[in-house]
Amino acid sequence: MTPSFLLTLALLLPFGAALVAALLPQNARNAEVWLAGTVAVAGLGIMIYLFPQVAHGGVVRQEIQWIPALHLNLILRLDGFSWLFGMLITGVGFLVVLYARYYMSPKDPVPRFFAFFLAFMGSMLGLVLSGNIIQLVIFWELTSLTSFLLIGYWFHLAQARDGARMALTVTGLGGLGLLIGMLIIGQIVGSYDLDVVLASGDLIRESSLYLPALLLVLLGALTKSAQFPFHFWLPHAMAAPTPVSAYLHSATMVKAGVFLLVRFWPVMAGTDAWFWIVTCAGMATLIFGAYAAIFQTDLKGLLAYSTISHLGLITTLLGMSTPLATVAAIFHIANHATFKASLFMAAGIIDHETGTRDIRKLSGLFRFMPFTATLAMVASAAMAGVPLLNGFLSKEMFFAETAERDANAFVNLALPIGATIGSMFAVVYSLRFVHGVFFGPKPEGLSKVPHEPPALMRRPIEILVLICLVVGIIPGITIAPYLAAAVVSVTGPDTPYYSLSVWHGFNFALAMSAIALVGGVLLYWALYGYLAKGVDGPPLIRQLKGQRIFERIMLTITSKWARRLEARFGTRRLQPQLFMLFLLAVGLPASLLVTRLGGINLTIAGFDPAFALLWAVGIVCAVAAAQQAKFHRLVSLVLLGGTGIVTCITFVWFSAPDLAITQLLVEIVTTVLILLGLRWLPKRVEDMRDEAQLMKARLRRYRDLVLAGLAGVGMTIIAYAVMTRQIPPGISEYFLENAYKLGGGTNVVNVMLVDFRAFDTLGEITVLGIVALTVFSTLRRFRPARESIAKPEQQRIQNEFDDRAPERSEGDTVNEYLLIPSVIMNWMFPVIIVLAVHLFLRGHDQPGGGFAAGIVMSIGFILQYMAGGTRWVEDRLRILPVRWIGSGLLLALLVGVAAQVVGYPFMTTAFQYVEIPYIGRVPLASALIFDLGVFSLVVGATVLILIALAHQSIRSPKAARNAAPIREAEVSSDAPVEIR
Amino acid sequence: MELVLAIGIGVLTSCGVFLMLRPRTFQVIIGLSLLSYAVNLFIFSMGRLKVGAAPVTASGTIDPTQFADPVPQALVLTAIVIGFAMTALFLVVLLAARGVTGTDHVDGREQR
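All of these numbers come straight from a predicted model, not from anything done at the bench. (Residues numbered from 1 in each chain as written. Chains lettered and ligands numbered in written order. Predicted model: local features only at pLDDT ≥ 70, side-chain atom pairs only at ≥ 80, totals over all residues. Heavy atoms only, no water.)

(A) Layout of the overall build of chain B. Helix and strand content of chain B: 3 helices and 0 strands. Each helix and strand of chain B, placed in order from N terminus to C terminus, yields the pattern α-α-α. Projected onto the principal axes, the alpha-carbon positions of chain B cover approximately 65 × 30 × 15 Å. A separation of at least 24 residues holds for 55% of the contacts in chain B among residues at least 6 apart in sequence. Accessible surface, chain B: about 3500 Å² in total, of which carbon and sulfur atoms supply 65%. Side-chain charges of chain B comprise 7 positive and 6 negative groups, with the mean position of each set lying 12 Å from the other. (Helix = DSSP H or I, 4+ residues; strand = E, 2+ residues; numbered from the N terminus. Contact = heavy atoms within 4.5 Å. Areas by Shrake-Rupley, 256 points an atom, 1.4 Å probe, with all protein chains shown as cover. Lys, Arg positive; Asp, Glu negative; His and termini not counted. Charge placed at Lys NZ, Arg CZ, Asp CG, Glu CD.)

(B) Structural context of the interface of chain A and chain B. Counting residues at the interface gives 106 residues for chain A, matched by 83 residues for chain B. Carbon and sulfur atoms supply 77% of the area buried between chain A and chain B, which totals about 8800 Å² over both sides. For chain A, the biggest contributors to the area lost against chain B are F654, M723 and L736 of chain A; these three give 9% of the whole. Put simply, chain A and chain B have 3 salt bridges between them. (Buried area = accessible area lost by both parts, 1.4 Å probe. Salt bridge = Lys/Arg side-chain N within 4 Å of Asp/Glu carboxyl O.)

(C) The arrangement of the layout of surface pockets in detail. Residue and element names in this part refer to chain A. In this model, the second largest pocket occupies a volume close to 1300 Å³. Lining of the second largest pocket is provided by 45 residues; of these, F232, P235, H236, Y305 and Q547 occupy positions nearest its centre. Breaking the lining of the second largest pocket down by element, the ones donating at least two residues are α6 (158-189), α10 (233-236), α13 (272-294), α14 (299-319) and α23 (546-569). Top element by residues in the lining of the second largest pocket is α23. It accounts for 7 residues. Split into classes, the residues belonging to the lining of the second largest pocket amount to 25 nonpolar, 12 polar and 8 charged. Residue assignment places the lining of the second largest pocket across two domains, with domain 1 (1-166 + 239-263) and domain 2 (269-441 + 449-535) each supplying three or more. (1 Å grid on protein atoms, 1.4 Å probe; cavity = no way out; pocket = protein on both sides within 12 Å on 5 of 7 lines; lining within 4 Å. Points joined across faces, edges and corners; volume = space filled by probe spheres on them. Nonpolar A, V, L, I, M, F, W, Y, C, P; charged D, E, K, R; others polar. Domains from an automatic or database assignment.)

(D) Looking closely at the nonpolar core. Counting 198 residues, the largest nonpolar core has I185, W233, F264 and M268 of chain A as the members making the most contacts within it. Counting residues per element, this core draws most heavily on helix α15 (residues 323-354) of chain A, which supplies 18 residues. Counting only domains with at least three residues in this core, you end up with domain 1 (1-166 + 239-263) and domain 2 (269-441 + 449-535) of chain A. What I185 of chain A contacts, discounting residues up to four positions off in sequence, is I133, G190, V197, I204, A213, V217, F264 and M268 of chain A. Listed in part, the 122 residues of the second largest apolar core include F654, L736 and L949 of chain A together with I9 of chain B. (Core = buried A, V, L, I, M, F, W, Y, C linked by side-chain atoms within 4.5 Å. Buried < 20%, exposed > 50% of the residue type's maximum accessible area, 1.4 Å probe, protein only.)

(E) Layout of empty space enclosed by the protein. As enumerated under the stated definition, the model contains 5 cavities of 30 Å³ or more in all. Estimates place the volume of the largest cavity at around 160 Å³. Along the walls of the largest cavity sit 14 residues, with Q663, V666 and T670 of chain A together with S36 and Y37 of chain B positioned nearest its centre. Every element with two or more residues in the lining of the largest cavity is listed here: α27 (657-678) of chain A together with α2 (25-45) and α3 (70-101) of chain B. Top contributing element to the lining of the largest cavity by residue count: α3 of chain B, with 5 residues. Taken together, the residues that form the lining of the largest cavity break down as 6 nonpolar, 7 polar and 1 charged. Counted as a void, the second largest cavity has a volume near 110 Å³. Contributing elements (two or more residues each) for the lining of the second largest cavity: α14, α16 (370-384), α17 (390-402) and α18 (409-438) of chain A. No other element matches α18 of chain A, which puts 5 residues into the lining of the second largest cavity. Residue composition of the lining of the second largest cavity, grouped by class: 9 nonpolar, 7 polar and 1 charged.

(F) Just the confidence of the model for chain A, in detail. Confidence in the prediction for chain A averages 87 pLDDT; 95% of positions are at 70 or higher. Note on residues 959-980 of chain A: pLDDT is under 50 here. Beyond four places in sequence and across chains, it has 33 contacts. (pLDDT = per-residue confidence, 0-100.)

(G) Structural context of the packing of aromatic side chains. All names here are of chain A. Going through the model one piece at a time under the given rule, you end up with 33 aromatic pairs over all chains. Centre to centre, the rings of F288 and Y305 are 6.4 Å apart; their planes meet at 70 degrees, and the pair counts as edge-to-face. With F288 in helix α13 and Y305 in helix α14, this pair connects stretches of sequence that are 17 residues apart. Accessibility expressed as a relative area gives 15% for Y305, which makes it buried. When the ring centre of F569 is taken as origin, the NZ or CZ atom of R568, which lies over that ring, is 5.4 Å away. (Phe/Tyr/Trp six-rings, centres within 6.5 Å; stacked < 30°, edge-to-face > 60°. Lys NZ or Arg CZ within 6 Å of the ring centre and 35° of its normal.)

(H) How the structure looks around the side chain of T315 of chain A. All names here are of chain A. With respect to the helices, strands and loops of the structure, T315 is situated in helix α14. Accessibility expressed as a relative area gives 1% for T315, which makes it buried. Excluding anything up to four places from it in sequence, T315 contacts L222, Q227, V258, L261, V278 and G282.

(I) Highlighting the pairing of strand β2 (residues 72-78) of chain A. All names here are of chain A. In terms of burial, β2 is largely enclosed, as 6 of its 7 residues are buried. In this structure, strand β1 (residues 60-67) lies alongside β2, joined through 7 bridges in antiparallel fashion. Along β2, the bridge assignment pairs Q65 with N73. As consecutive antiparallel partners, β1 and β2 are separated by 4 residues, and within that stretch H71 has a phi angle of approximately 55 degrees, a positive value. (Pairing = 2+ DSSP bridges.)

(J) Geometry of a nonpolar patch on the surface. All names here are of chain A. A cluster of nonpolar residues, L388, L466, L469, V470, I473, I474 and I477, forms a patch on the protein surface that exposes about 610 Å² of accessible area. Per element, the largest residue contribution to the nonpolar patch is 4 residues, and it comes from helix α19 (residues 455-473). Looking at the secondary structure, you find I473 in helix α19. (Patch = residues over 30% accessible without salt bridge, like charges linked within 9 Å, V, L, I, M, F, W, Y side chains within 5 Å.)

(K) Looking closely at unusual backbone geometry. Note the cis peptide between F228 of chain A and P229 of chain A, where omega equals 5 degrees. On the secondary structure map, P229 of chain A appears in the loop between α9 (210-224) and α10.

(L) The arrangement of the domain arrangement of chain A in detail. Partitioning chain A into domains gives domain 1 (1-166 + 239-263), domain 2 (269-441 + 449-535) and domain 3 (736-980). Here the C-alpha centre of domain 3 of chain A lies 58 Å away from the C-alpha centre of domain 1 of chain A.

(M) Fine view of α3 of chain B. Residue and element names in this part refer to chain B. Across its 32 residues, α3 extends 46 Å between first and last C-alpha, which sits within 8% of the 46 Å expected from 1.5 Å per residue. Where α3 begins, the side chain of D69 points an oxygen toward the backbone nitrogen of V71, at a separation of 3.1 Å. Taken from the residues just after α3, G102 is the one with a positive phi, measuring 80 degrees. (Expected span 1.5 Å × (residues − 1). Polar contact = N/O pair within 3.5 Å; in protein donor to acceptor, adjacent residues only side chain to side chain.)

Set out below in structure tokens:
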């Protein structure tokens, strides 16, 4: 197996395993642990195996084509520094998985936990292995997302939800900044390849865009690593299960920020802007975090602030921009991960075994859990920087770096003093952690008697503490080669000499260490009385709560500003919205028309008075329909039909027989449909509004009239301009030439619909079917307006007449109405069916086809409704339109799939001639079956729409009888048309 | 011929747009129908106007210039059917809204 393949495998394994983990049963704790553990160990194994390749500044690369047009490739890239992170991610990941096995309660849904956990592991690996800076941002955001999901794992707790939301908002914002920063860097360098970027340090630093790029990249890094002033999200992220805190919020994810700083250190560091921003942010975080940590009463809160402080230390080191400081930073990243992860696990054990993490309630636990206590004390000592532990070594390097003489007197003084103070605080909170929890009197008021955890739950801590000790005592033969590999990949081959030995002789750094240690112990002693009182939160700055400021900003943006914007620009009214749409639709083309139209060739040639007359009628109908639409609906509808007929004749005139047929038929159906709907609309009377309102309405009408006029003029100009120009060569010739050769039909339009563009038609009829079903289901729950429920006026008059005449019974007049036409309509039924079949069969060669035939067929049905009345038809005919729709769609689909089965692309059709007795040679194309599907669906859809509406007329009297307020149940239980 | 049809399309568009901006649902449905006539004719006219040249070919080799453009026709044919579906759906929504809100104003309530 090649190294690059292994790299891909290491990245893909966690994601694949995350999917598997999500699918395991709820109680499969052991299976989940085996899965996650195996993945982590496999990743660890791959990392160890690959170490020789990167040990001396080597790089393992794997490129996969992504978007070659944009010169974007997916690149996996492993060098010494990302190797170190890879080890942390997989190694600590494995230990945390083991720990989580015992930490998670059997009641917790483990598949979700391990799925998110593994997805995070994959994202983090992807982040450190990215060799493309855009890809890096994507994985960066993925870690934010998975972190969000993990913090909110116990989503029934409000603090978990709030913490998760805050973490996502802050880190997501940073990620957005980072993306823009990376795009800027990509612009400067001309490539998104990390290797190219790393080789262009001078180009980047000298670019005029350097400062914005730096600020944006720092925004990403500082938010992710919880640096001041973005630190506040991390303590709230402690609502996550402790394994998550140990893994994400101490060892790996929060390190992504400093990872990024180290990664871009070679190309961005060394400028004044970098020095001041990064160092100041780091130093402020170091001191503030440590100070706040002292006064936390929650164990995890203490550790969270301590993490913030240690990340500040690393950031400070990176800000100093010297190679040796960077060595110290990388070293401290690894050291901090080991001791802090073990401390979080210890805090989790204490929580698990005592039921609380509150320092005020805990004390004297040493006698109950001596092993855990010892381990936690060693780890705390490492955190405080006690000699012979790994934390001491990197802190000593930090002190040595701060003590370097700088040209700036302020820096010269501030750095070493700040470092010492921060370290002193670290000693204090470490002492508080150890002394407060493990020593003193027996704890009181605990919900259970504490005892040692299962041995395997302690094992991860043991391993981590062992590493702390081994690295702290014999660094030269343990960490040195790996650190060297990491350092050389960042600072290059000319890395100055550094010593990892424990003893450097008496020097300034040692003096600072001693001051910090002794000072810390004294300070703890001095503060002991105050701390024993158990006041939560640091004095002096207790009021300065990042959370509160964050919430206020969020509220302002998402509520106040949003409301204001909505009030200013939003409307629920349809008319202004449509007006804006039409304004845009008129305005944008108008601006193009003015500049691009060219000459318009006005010719009178070929003028036909008959056609002009036809359109005079059409125009009058349209204008009158528009004018009558408000008060005289029936008139308007009839006039609309007039315009439809003119349109239809226009199609005939200009050689479109298929369109004419379809238009005519649809015209009939539409008119019937709207007629059926008219009964449910309110009577419109002249409104009685006052003069001012009428004036306003009139003004609005004029305004709309102007816009509508402009739209019409625009359409006229465009239509005329296009029509009088020569048609450029297009795809039409192909269809005309090949309709018969390839499609087996001479009616080109129909061949296009059922053969060449059959896939479009399939989509088309699907839409039609969906609309029909929507109409049907909407009408099932139809509640007519109160005043429309009663019988229409005409029927009332007729019934009164029947009542008065002794020989008549009620309803006779309605039944006798138009008796002769209705008999004719009844008799027309078979004729219409024959017409439909005729149109259908000739469709492939002559005007006609499935659409037209389908509508004819449905007209046949609706005529029966008009002739005999709804009840009469429904007693005699079961039409089952939903089945027509379903079988039509299936049939059409079947033709398509059949072609695929025999090895042709979807929707390919075949045709040949068949000899049928008495009829002769007929062309038989598989497209005909497709057209049959179209036919069936159009029949079903049209009939369903029409009869669903027609059926309402026999439902309403019943609803009216059931007294005025119609209850939902009565209406819905009243089943509409019998449709099965 | 072209000019007459172009003016016809323009007038239909104007009437359609004007009606769609009106407050009553029935006005909007008529407007929508008029606008779809205009749009269908417009698309159709993009294939240029030819008299007596229906795209019904004979078997064998043919001369494409002898026939009207079938592509806009195929587009418009489906547009007519979909236009019907749209009208139907809108009509039903209109009726349901009228039943639920008690008014036929497009916003579901009378403007104050």
